[in-house]
Amino acid sequence: MMFTTAFLVQALLASAAFAIPTSKERAASRRARRSGATRQSKPVDRITSPSSEVSNASYVEFSSNWAGAVLVANTATYKSVTGTFTVPTPKSTGGSSEECATAWVGIDGDTCETAILQTGVDFCVTGSSVSYDGWYPADSFDFSGISFSAGDSVTVTATVISTTEGTLTIVNNSKGTTVSKTVSSSAKLCETNAEWIVEDFEECEGNSCSLVPFANFGTIEFTGASATTSSGTVTPAGSTLIEIEQSNKVLTTVSQSGSTVTVVYA
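Thresholds applied
Residues numbered from 1 in each chain as written. Predicted model: local features only at pLDDT ≥ 70, side-chain atom pairs only at ≥ 80, totals over all residues. Heavy atoms only, no water. Helix = DSSP H or I, 4+ residues; strand = E, 2+ residues; numbered from the N terminus. Buried < 20%, exposed > 50% of the residue type's maximum accessible area, 1.4 Å probe, protein only. Contact = heavy atoms within 4.5 Å. Areas by Shrake-Rupley, 256 points an atom, 1.4 Å probe, with all protein chains shown as cover. Salt bridge = Lys/Arg side-chain N within 4 Å of Asp/Glu carboxyl O. Pairing = 2+ DSSP bridges. Phe/Tyr/Trp six-rings, centres within 6.5 Å; stacked < 30°, edge-to-face > 60°.

In the annotation of an unreviewed UniProt entry, the entry for the chain reads Peptidase A4 family-domain-containing protein, and the organism field reads Lentinula lateritia.

Let us look at the overall build of the chain. A count of helical and extended segments in the chain gives zero helices and 20 strands. In the chain, which comprises 266 residues, the proportion classed as buried is 53%. A separation of at least 24 residues holds for 69% of the contacts in the chain among residues at least 6 apart in sequence. For the chain, the accessible surface area stands at approximately 10400 Å², while carbon and sulfur atoms represent 49% of it.

This part is about unusual backbone geometry. Positive phi, close to 50°, is recorded for Ser247, a residue that is not glycine. Assignment of secondary structure puts Ser247 in the loop between strand 17 (240–246) and strand 18 (249–250). The backbone of Asn248 sits at a positive phi, close to 65°, despite the residue not being glycine. In this fold, Asn248 is placed in the loop between strand 17 and strand 18.

Attention now goes to the pattern of salt bridges. Scanning the entire structure with this criterion turns up two salt bridges. Here Lys79 ties to Glu191 by a salt bridge, and the two come within 2.6 Å at their closest N and O atoms. Of the two residues, Lys79 is situated in strand 4 (residues 78–86) and Glu191 in the loop between strand 11 (177–184) and strand 12 (193–199); the sequence distance between them amounts to 112 residues. The partner of Lys175 in a salt bridge is Asp152, and the shortest N-O contact between them spans 2.6 Å. Of the two residues, Lys175 sits in the loop between strand 10 (165–172) and strand 11 while Asp152 sits in the loop between strand 8 (141–142) and strand 9 (153–162), which places them 23 residues apart along the sequence. For Asp152, a relative accessible area of 7% puts it in the buried group.

What follows is about the pairing of strand 13 (residues 202–205). Pairing of strand 13 with strand 14 (residues 208–211) involves four bridges; the strand directions are antiparallel. From the neighbouring strand, Glu202 faces strand 14, where its bridge partner is Leu211. Between strand 13 and strand 14, which follow one another and run antiparallel, lie two residues, and Gly206 among them has a positive phi close to 65°.

Another aspect to go through is the environment of Asn65. Considering the arrangement of structural elements, one finds Asn65 in the loop between strand 2 (61–63) and strand 3 (66–72). Spatially, the C-alpha atoms of Asn65 and Glu243 are 8.5 Å apart, while their sequence positions differ by 178 residues.

The way to describe two aromatic rings as a pair is by their centre distance and the angle between their planes. Within the structure shown, the criterion is met by six aromatic pairs. Note on Tyr136 and Phe143: the rings are 4.9 Å apart at their centroids and 50° apart in plane angle, and the pair reads as tilted.

Here is the structure:
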């Protein structure tokens with residue numbers, strides 16, 4: 001099933017506190033997961049001075065909300081990015097509130113500070129109840145016509161059409177369903193970043209926003225991870241790895257081997 005529409009892909013970074021932009025605030029049209037709350041992503045919140053327990057780790061970057069791998073080029077390079085993962089069964093870490101995480105692939109939004117093209121799947125747990133949503137940017141609309149269950153194999157792809165337009169596709173390989181959106185923006189892509197990310201996103205009530213309690217997602221393994229360039233296809237080899245650290249504790253372990261990026265809840 002093919003859907004086409006035009007929406008804003010990405011705003012400039014919200015404040016100097018967020019050194020690197022990510023997905024546009026996905027809020028206005030998003031189904032509120034809690035009464036009165038809306039959901040959004042936020043820019044990568046880089047941690048320049050990680051806690052002592054991780055200061056000697058080999059990973060290049062730490063943040064409070066992103067875990068995964070990012071390829072960075074100096075000039076316009078990446079035309080498409082894709083990866084396949086198994087939908088997890090999120091588990092509560094012990095709190096009574098809803099806990100969530102999201103897995104996505106994207107182009108730009110790291111060193112590119114103007115735009116991002118991305119799509120992915122949210123997974124949430126409240127008690128013993130779990131829920132899943134496939135989303136695309138532009139105020140974080142949920143895809144219709146597709147559903148997910150734990151154990152499903154899902155392929156997510158973001159493809160550049162031009163610097164102001166792209167296509168976002170999710171395929172549920174297990175259920176045999178596909179959804180796609182074409183999005184456009186006046187903001188221009190740089191085509192300098194390719195990303196495979198597990199994110200702790202935000203929920204907002206009015207102007208007050210905070211990271212949603214981060215669910216134990218187990219393991220997200222992006223297999224068949226690749227990015228298309230004008231000269232061919234590349235794997236995430238040589239990518240920057242990013243870990244999530246919150247309250248002086250590292251919550252993820254990230255590794256990359258060949259065409260696989262693995263993010264484990266620690």
